[in-house]
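Below are the chains, spelled out letter by letter.
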Amino acid sequence: MILRIIYTLFIGVFLAVFVGVGVSAFYSGPKYPEMPAMLKYCSIDLKESDQCADYKKSAEEFDKAEKIYRTQSQNYNRNVSMIAVIAAVILVTTSLTLFKKILLIADGILLGGVLTLLYGTVRGFSAENLKFLFLVVSVGLTVSLVLGYLKFIRPIETGNKKK
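Residues numbered from 1 in each chain as written. Predicted model: local features only at pLDDT ≥ 70, side-chain atom pairs only at ≥ 80, totals over all residues. Heavy atoms only, no water.

Enquirer: Hey, could you run me through the packing of aromatic side chains in this one?
Expert: Any two aromatic rings considered together are summarised by their centre-to-centre distance and by the angle between their planes. Following the criterion strictly, the structure yields four aromatic pairs and no others. Taking the centre distance of 5.0 Å and the plane angle of 35 degrees together, the rings of tyrosine 27 and tyrosine 76 count as tilted. In this pair, tyrosine 27 sits in the loop between α1 (2–26) and α2 (37–41) while tyrosine 76 sits in helix α3 (residues 49–97), placing the two residues 49 residues apart along the sequence. Seen in terms of ring centroids, tyrosine 32 and phenylalanine 62 are 6.3 Å apart; in terms of plane orientation they differ by 75 degrees. Their pairing is edge-to-face. One end of the pair, tyrosine 32, is in the loop between α1 and α2; the other, phenylalanine 62, is in helix α3, with 30 residues separating them in the sequence. In this structure tyrosine 32 comes out as partly exposed when scored by relative accessible area, which is 46%. On the accessibility criterion, phenylalanine 62 (8% relative accessible area) is buried. Among the aromatic residues, ring-to-ring pairing joins Tyr32, Phe62 and Tyr69 into one connected group. (Phe/Tyr/Trp six-rings, centres within 6.5 Å; stacked < 30°, edge-to-face > 60°. Helix = DSSP H or I, 4+ residues; strand = E, 2+ residues; numbered from the N terminus. Buried < 20%, exposed > 50% of the residue type's maximum accessible area, 1.4 Å probe, protein only.)

Structure, rendered in C-alpha cells:
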C-alpha cells in the first residue's frame, strides 16, 4: 500500500516537472539585461561632469532595458501559465477518461495534473494582471470542483444506486 502511494506521488511530481521543463526547453523566457560596467564599478558620487553624464546615460539606458525586460517577463509568465493550465486540464481529463481502469497510473496522472494546475496558477501571479489571474484561478477552481465530484462523489452515488 505504501509503495502504491509513493509510486502515485512519483508519477504526479514527475508529470508536473515534465510540463515545467518542457515549457522551458521549447519556449525560453526573456534574458535579463546586463548591467553596464560603469554602473557596476563606479560610485554615484562622481565629481567630474563628463563621467557623471556618462554614468547617468548608462543608468537611464539600463533602466529602459530593465523595463522592457519586466514587460517581456510578465508576458512570458502569462503565456507559460496558460500553457501549464491547458496541460493540466489535458492531464486531468486523460486521467479521468483514458486510464479509468488502471487506477494506480490514473491517480498519478491526476496528481500530476493537479500539481501542474498549481504551477500554472503560481506562474499566473507573475503575470501581474489581475483579470488574467482571476481567469486562471477560476479555471483552477472549476477543475478542482469537477475533479472532486468525478473522482470522489460520483463513485459513492453510483455505488449507492446499485445496491
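Structure shown, so let's carry the discussion forward.
Enquirer: Explain unusual backbone geometry here, please?
Expert: With the exception of glycine, the majority of residues adopt a negative phi angle, and the majority of peptide bonds are in the trans configuration. Residue glutamate 128 is not a glycine yet carries a positive backbone phi of 55 degrees. Among the secondary structure elements, glutamate 128 is positioned in the loop between α4 (103–126) and α5 (130–162). Relative accessible area serves as the criterion here: at 61%, glutamate 128 is assigned to the exposed category.

Enquirer: Would you mind going over the nonpolar core with me for this structure?
Expert: One recurring pattern in soluble globular proteins: nonpolar side chains tend to sit buried together. Formed by Val85, Ala88, Val92, Leu96, Leu110, Leu117, Ala127, Phe132, Val136, Val143 and Leu147, the largest nonpolar core amounts to 11 residues. At the level of secondary structure, the elements contributing two or more residues to this core comprise α3, α4 and α5. Formed by nine residues, the second largest nonpolar core is a distinct cluster that contains Val19, Val80, Ala87 and Leu91. (Core = buried A, V, L, I, M, F, W, Y, C linked by side-chain atoms within 4.5 Å.)

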